[in-house]
Amino acid sequence: AVRQLISFPPGAVFEHLRDNPEESQELAALRAEVQRAHEADQLFLQGVAALERFGARPPAEVLANAEALTADFRRALEVYPRHHAAAVWMAQVLGLAAQVKPPLEPDRARAYLEEAVRHNPSDLAITEALARLALERGDKDEAHKYIERIRALAPYSRLAATEMP
């Protein structure tokens, strides 16, 4: 039923209310919000379909295609910034792309991971990767920030037990 609703063209969801002369501002705002969410859902599903076509591949291939693989999720978030599913899926793609072995240049990995954690702050693997990068760089303040987040997410994690000088 959800896919059927999402398959309607933008604007069709509230078509029967379009010419209502007594429309309130609240109803107009609600209609605009639902319409943006509907458009974002369509973009999200396009992104999921693109990932399905891409298939399971090693991180190096995900990295090489990261921009294309996240394009629909990014557009969904531009249309409707509170689209949680688009944020989580984009974070997963960026997190996988940043796990290339041997590591890609640290600044690029850090940029991908920071964007991923902005979209999915409760992702433990991404937060741990950011903490490890900070420790490798010797940035104790940044490492401490991420280790504190890890302690909140998973108190029994190895990194949560890390003592900062």
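Residues numbered from 1 in each chain as written. Predicted model: local features only at pLDDT ≥ 70, side-chain atom pairs only at ≥ 80, totals over all residues. Heavy atoms only, no water.

> How should the environment of L94 be read in this particular structure?
Within the secondary structure layout, L94 lies in helix α5 (residues 84-97). For L94, a relative accessible area of 0% corresponds to the buried category. Through-space distance from the C-alpha of L94 to that of A109 is 9.0 Å; in sequence the pair is 15 residues apart. Excluding residues within four positions of it along the chain, L94 makes contact with T70, R74, Y112, E115 and A116. (Helix = DSSP H or I, 4+ residues; strand = E, 2+ residues; numbered from the N terminus. Buried < 20%, exposed > 50% of the residue type's maximum accessible area, 1.4 Å probe, protein only. Contact = heavy atoms within 4.5 Å.)

> Explain the nonpolar core here, please?
Taken as a class, soluble globular proteins show a tendency for nonpolar side chains to be buried jointly. In this structure, F73 and I126 are the most contacted members of the largest nonpolar core, which totals 37 residues. Elements with a contribution of two residues or more to this core: α2 (25-54), α3 (59-64), α4 (66-79), α5, α6 (106-119), α7 (124-137) and α8 (140-153). When near neighbours in sequence (up to four residues on either side) are disregarded, I126 contacts A91, G95, L113, A116 and V117. (Core = buried A, V, L, I, M, F, W, Y, C linked by side-chain atoms within 4.5 Å.)

> Mind showing me how you'd approach the packing of aromatic side chains here?
When we look at a pair of aromatic rings, we describe it by the centre distance and by the angle of the planes. According to the stated counting rule, one finds 3 aromatic pairs in the structure shown. Residues F44 and F73 carry aromatic rings whose centres are separated by 5.8 Å and whose planes lie at 45 degrees to one another, so their mutual orientation is tilted. Residue F44 is found in helix α2, and its partner F73 is found in helix α4; the two are separated by 29 residues along the sequence. Accessibility assignment for this pair places F44 and F73 in one class, buried. With centroids separated by 5.6 Å and ring planes inclined at 85 degrees, the aromatic side chains of F44 and W89 adopt a geometry described as edge-to-face. Of this pair, F44 sits in helix α2 while W89 sits in helix α5, and the two are 45 residues apart along the sequence. Classification of F44 by relative accessible area gives buried; the value is 12%. Residue classification places W89 among the partly exposed residues on the basis of a relative accessible area of 34%. Following the ring pairs from residue to residue traces out a cluster consisting of F44, F73 and W89. Over the ring of F54 we find R57, and its NZ or CZ is 4.1 Å from the ring centre. (Phe/Tyr/Trp six-rings, centres within 6.5 Å; stacked < 30°, edge-to-face > 60°. Lys NZ or Arg CZ within 6 Å of the ring centre and 35° of its normal.)

> I would appreciate a short explanation of the packing of α4 against α5 in the present structure.
A packed helix pair is summarised by two numbers, namely the angle formed by the two axes and the spacing between the axes. Remark: α4 packs on α5, axes separated minimally by 9 Å, with the N-to-C direction vectors making an angle of 160 degrees. By the angle class used here, α4 and α5 are roughly antiparallel. Of the two possible hands of crossing, α4 and α5 adopt the one that is left-handed. In this structure, α4 contributes A66, L69, T70, F73, R74, A76 and L77 to the contact, and α5 contributes A86, A87, W89, M90, V93, L94 and A97. The residue inventory of the contact of α4 with α5, partitioned by class, reads 12 nonpolar, 1 polar and 1 charged. (Axes fitted to C-alpha atoms, helices over the stretch in contact; angles between N-to-C directions. Parallel < 35°, antiparallel > 145°, perpendicular 65-115°, else oblique. Left-handed = near helix turned anticlockwise from the far one by under 90°. Nonpolar A, V, L, I, M, F, W, Y, C, P; charged D, E, K, R; others polar.)

The values reported here are purely geometric and, on their own, carry no functional implication.
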